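What the coordinates show
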Amino acid sequence: MTAHVSPQPESDPQPETGALVEADVVVVGGGPTGLAAAHFLAGHGVRTVVLEQRLTPSGHPRATVINSRTMELLRHLGIDAAVRRAGVPLQNTARITWCTELAGTELAGLDIIASADALMQRAVNSPVLPVICSQNRVEALLVDRLPDNARVIRGVKAEELAPTPSGVRVTASGEGGRPLVVEARYAVLAEGLHGSLRETVGLEQTAATPLGRLLDIHFSADLSPWTAGRESALYWVLNDTVRGVLVTVDPVDGEWLLEIPALSADEEHRYFEQEVDHHKLIEAAIGKPVDAIEGLRIHSVRNWVMGSTGLTSWRSADGRVLAAGDAAHTFPPTGGFGMNTGIQDAHNLAWKLAAVLRGNATDALLDSYERERRPVAEFNARHSETNALQKRALLQSDADPEFARNIEEHRPHFDFEGQTLGFSYEPGPGESVVQDVVNYRPTAQAGHRAPHAWLDRDGDRISSIDLARTGFALLTGPGGAVWRQVAQETATVAGLPLTATVIGTAGSTAADTAADGPQLRDVNGAFADSYALRGAEAVLVRPDGHVLARLPGVAPRQELAQAVDRIVTTGLMPARAEVLS
Amino acid sequence: MTVGPLFPPERLAALRSGDLADVRAALAGLPRAELAAWLATSEGEAVLRTVFERMPERYTGGPMDGQQTARWVVEREPAETLAYDLVLTEDNCEVRRTGTSGEPTVTLTLDAVSFVEMASAAAQGMDLLLQGRLQIQGDVHLAVRMESLFGLAAPGEPG
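Given the structure is predicted, the values throughout are model-derived calculations rather than measurements. (Residues numbered from 1 in each chain as written. Chains lettered and ligands numbered in written order. Predicted model: local features only at pLDDT ≥ 70, side-chain atom pairs only at ≥ 80, totals over all residues. Heavy atoms only, no water.)

Moving on to the environment of Ser432 of chain A. All names here are of chain A. Here Ser432 shows up in the loop between helix 13 (417-422) and strand 23 (454-457). Judged by relative accessible area, Ser432 falls into the partly exposed class, the value being 30%. Between the C-alpha atoms of Ser432 and Phe379, which are 53 residues apart in sequence, the distance is 8.4 Å. At 2.9 Å, the side chain of Ser432 and the backbone oxygen of Val434 are in polar contact. (Helix = DSSP H or I, 4+ residues; strand = E, 2+ residues; numbered from the N terminus. Buried < 20%, exposed > 50% of the residue type's maximum accessible area, 1.4 Å probe, protein only. Polar contact = N/O pair within 3.5 Å; in protein donor to acceptor, adjacent residues only side chain to side chain.)

Attention now moves to the interface of chain B and chain A. Tallying the contact residues gives 20 residues for chain B and 21 residues for chain A. Applying the counting criterion to the chain B and chain A interface returns one salt bridge. Ionic pairing is found between Asp127 of chain B and Arg84 of chain A, a salt bridge with its closest N-O pair at 3.0 Å. At the boundary of chain B with chain A, the tally comes to four residue pairs in polar contact (both at pLDDT 80 or more). (Contact = heavy atoms within 4.5 Å. Salt bridge = Lys/Arg side-chain N within 4 Å of Asp/Glu carboxyl O.)

What follows concerns empty space enclosed by the protein. Residues and elements named next belong to chain A. In this structure the tally under the stated criterion is five cavities of 30 Å³ or more. Of the pockets and cavities examined, the largest cavity occupies roughly 100 Å³. Lining the largest cavity are 15 residues, and of these His76, Ile465, Ala468, Asp544 and Gly545 lie nearest its centre. Secondary structure elements with two or more residues in the lining of the largest cavity: helix 2 (68-76) and strand 25 (472-476). When its residues are assigned to classes, the lining of the largest cavity shows eight nonpolar, four polar and three charged. (1 Å grid on protein atoms, 1.4 Å probe; cavity = no way out; pocket = protein on both sides within 12 Å on 5 of 7 lines; lining within 4 Å. Points joined across faces, edges and corners; volume = space filled by probe spheres on them. Nonpolar A, V, L, I, M, F, W, Y, C, P; charged D, E, K, R; others polar.)

This part is about the sheet that holds strand 9 (residues 150-154) of chain A. All names here are of chain A. As summarised here, the arrangement of the five strands in space is 9-4-3-13-21, forming an open sheet in which the pairing is parallel. The strands lining the two open edges of the sheet, one partner per strand, are strand 9 and strand 21 (321-323). Across the sheet, the mean angle separating the axes of adjacent strands is 20° when strand polarity is ignored. Direction of pairing for strand 4 (residues 48-52) relative to strand 9: parallel, over a ladder of five bridges. Within strand 9, the residue paired with Leu51 across the bridge is Ile153. Helix 10 (residues 338-357) rests against strand 3 (25-28), strand 13 (186-189) and strand 21 of the sheet, and its axis sits at about 170° to strand 13. (Pairing = 2+ DSSP bridges. Axes fitted to C-alpha atoms, helices over the stretch in contact; angles between N-to-C directions.)

Any functional reading would require information beyond the geometric quantities listed.
Below is the structure:
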């Protein structure tokens, strides 16, 4: 006999194996993508169960970059401050250094935030900054803050995924026990590159030619004698013994990752086909003997193949299974887009699943997930591959005085605000999902992330991106008061809450605020500039923060109905040039 | 003279105390507009000047490429702006009137409420900057070190 168990908070005891757990969505894989999916789904009231094979998060840092967009999503989950505290202080990440050894000659440097102006510009683009924080720390924080209607079951391996009349059944095995069965309406496979369930539901893997194998050494040591005064996110080292990169994981406690790509057949043999003295490699990267490196301790060593992989389809033929994160795409680590793309996949998918589960949108809405996310993932893959090839060439070049000459050409590898914040969904014909990798230009056109602007409410600052975190939001200027009435009449869109906010101009004061007047004030004109609203025009923002449509406000009810009808029945965003009337 | 709100004696004493925890407690729950109005009074000005005068006591110092000047510009409309230069070396901090120490290495401009929040570690400079409340000009590397130089990391943040 099987016992029925409702999802419980993560801290509750694990269910007995042999139990049947019911949920709205089962997520296979408790890495960053799976955990983020649980958070975002739970935020929309979707009961979610995550199955994870590991009993504890991996101690190996793996990914380390949390880009601005992901930090915005973590901010909405209320864990951005904790991630920032767990990460590397800004002053340790604002630079990239190339040197012969850490204690040797500096060959070149690239300032990512070179000036006060550059920092102020970043502050204009987002209410958060990117952070270097290792994947294992982010995972621990995501688990720690999981809401009540999401639950992680650890130590179970999902082995079988079968259809049921109303969804899916995942059978998992625990250590020495009877199987655990989870029945849900949908499954999200966030099982990583090596998971086994995708193939069983017809999601076939594709793989580009690998770009080589990497050796990762995770270690602790006090490297401050050689980093003080030139603290960097990455220290690339080029010498006769080691050509690789020293990644800053925690400079305060002295935690590092040495990544060494095999650049030739000889190196493949040296690193992966014979006994390797990892201490010697660290010694060569630092340029000091082991006994001169205080506190040196190797935690773990990993080797892995660098390359891009994908899936022929991100959704099973019966529509009940969707892949996300590394299960759908992997890239070389150069650029740090892997974990970020996965978390952002989950964010795109969560509100769509919530809308469909509530019965307020057709199943076709879920097709827009792959249609929107695949081009972004493919762009990130191509960019990461280009970065990897460029870095490989740079590591093979001579460590001579000429080295620094073209270093600025490598900026898009490390400085990519345009890619991070500027990607768009379903761009126009012939347009790329990213227009400019380095420079972000705010725009509130359909498909783009609704830009950030600080808004004032009685002295408190609220970001415009905060207005659509749990539902749809209409953002309009002083001429758009009619939208408040419309939102009151239409309390939900696709089953999710709809709000309308009238934003006053930068010069307005509290005294200008009548009962039906602006609720928030544009602090410095950034809202007016980036949203460029005319008259009664409004921007309709989706729960994932992307603009669904610009509504002229001529026939507001009809315009809203038309935009909503299109998204809930087809998942299609109104074409950018299309005028809704 | 600008007339501001009247604060109870305990709150005033806490704001004047220079003790970070007491100042943070005094700020808790105080509407921003009310504190801004009070900081524009002569009483508020006195507290702001005291904060500056006591900054050397909190200076922990650190590696410094020679002598550096950090200029703080504290706006308190409608009253006059307050500005001081903090002249920093590896182990010393001196508070001077502006214009007596040459061009500043970095200038930090912020409203008086944000200044009190930052000086008491009730808010982090980076948060204030991201909220558009703090502007910096000049050497960004010195600017982002400011809190660690004065032991002003938020509770729980690495110093």
